[in-house]
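# Structure at a glance
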Amino acid sequence: MNIVGIGGRNRSGKDTLAELFMDAGYFGVSFGDITREFSRKRHADKPDPISVANMTETSNWLRNERGPAAILEIALDRYNQAIKKGGTFVGLVLFSIRAPVEVDFILEHGGDMIWVQTSDKTRYERSLAAKREGEPDITFEQMLNQEQLQEKPQPGLPAEVQMNIPYVQDHATIILENEGSDRDAFIEDARHLIETLK
């Protein structure tokens, strides 16, 4: 299996990179989109169902209820269903990787794990410019505080079912910088990277 994983903090450029992989013939599945689907339902009674805090809670709940690989299994099922329907793809790109079990699967199958590196300030500026429906207005400090929920296991749940962003970053085989506002330069770098991985 030709498999690539993409990790990075919110608004780092993961989705843009994944879209370029899909343009190059990969089948893509966003772990973030899967979590958002569940979070919108699970937190439907709240004004911010897809805040970082609610998304983190939903992700941990999914993994606790269905096993540490719950989101990975949903993603692989979507890929396999696409294959059964006759789809042909260069490979599989899994993006918004957040948990150790997901990283380990990709590396154990000979894949590359890409970390998209972007400063906190740049990510915050991007979040203000492109806020999703259901995301709250938050300050820079609130963004960083909420993201701490994904930095290390929280009390009350087994560590293996929780997000661990430092683990994802530490196990990356490729680092792709995406700093500043020059989107064209990032896209050029990303396309060059994709060519080297084909």
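Higher on the page you've got the structure.
Residues numbered from 1 in each chain as written. Predicted model: local features only at pLDDT ≥ 70, side-chain atom pairs only at ≥ 80, totals over all residues. Heavy atoms only, no water.

Our focus in this paragraph is the overall build of the protein. Helix and strand counts for the protein stand at nine helices and five strands. Counting helices and strands in the order they occur from the N terminus, the protein gives β-α-β-α-α-α-β-α-β-α-α-α-β-α. The globule rule puts the C-alpha radius of gyration for 198 residues at 16 Å, and the 16 Å found for the protein is close to it. Overall, the C-alpha framework of the protein stretches about 40 × 40 × 30 Å when taken along its three principal axes. Looking at the protein as a whole, 47% of its 198 residues qualify as buried. Taking contacts inside the protein between residues at least 6 apart in sequence as the whole, the part at least 24 apart equals 74%. On the protein, roughly 9,800 Å² of surface is accessible, and the fraction owed to carbon and sulfur atoms is 49%. Within the protein, the 32 negative side-chain charges are centred at a point lying 5 Å from the centre of the 23 positive side-chain charges. (Helix = DSSP H or I, 4+ residues; strand = E, 2+ residues; numbered from the N terminus. Rg over C-alpha atoms; globule rule 2.2 N^0.38 Å. Buried < 20%, exposed > 50% of the residue type's maximum accessible area, 1.4 Å probe, protein only. Contact = heavy atoms within 4.5 Å. Areas by Shrake-Rupley, 256 points an atom, 1.4 Å probe, with all protein chains shown as cover. Lys, Arg positive; Asp, Glu negative; His and termini not counted. Charge placed at Lys NZ, Arg CZ, Asp CG, Glu CD.)

Under the definition given, this model contains one cavity of 30 Å³ or more. What the largest cavity holds in volume is close to 30 Å³. As for the largest cavity, its lining consists of Arg9, Asn10, Glu147, Gln150, Glu151 and Ile165. Its residues placed into classes, the lining of the largest cavity shows one nonpolar, two polar and three charged. (1 Å grid on protein atoms, 1.4 Å probe; cavity = no way out; pocket = protein on both sides within 12 Å on 5 of 7 lines; lining within 4 Å. Points joined across faces, edges and corners; volume = space filled by probe spheres on them. Nonpolar A, V, L, I, M, F, W, Y, C, P; charged D, E, K, R; others polar.)

As a further point, take helix H4 (residues 70-84). With 15 residues, H4 should cover 21 Å at 1.5 Å per step; its first-to-last C-alpha distance of 21 Å lies within 8% of that length. Every buried residue belonging to H4 is among Ala70, Ile71, Leu72, Ile74, Ala75, Leu76, Tyr79 and Ala82, and all of these are buried. Residues of H4 that are buried make contact with strand E2 (26-30), helix H2 (31-42), helix H3 (52-66), strand E3 (91-95) and helix H5 (100-108). Downstream of H4 by one or two residues, Gly86 has phi in the positive range, about 100°. (Expected span 1.5 Å × (residues − 1).)

Right, let's talk about the layout of surface pockets for a bit. Roughly 960 Å³ of volume is contained in the largest pocket. Surrounding the largest pocket, 45 residues form its lining, Asn10, Arg11, Ser12, Ser127 and Arg132 being those nearest its centre. Of all the secondary structure elements, the ones that give two or more residues to the lining of the largest pocket are helix H1 (14-23), H2, H3, helix H6 (120-129), helix H7 (140-147) and helix H9 (183-197). Looking at the lining of the largest pocket, the element that brings in the most residues is H6, giving six residues. Among the residues forming the lining of the largest pocket, the class breakdown is 13 nonpolar, 16 polar and 16 charged.

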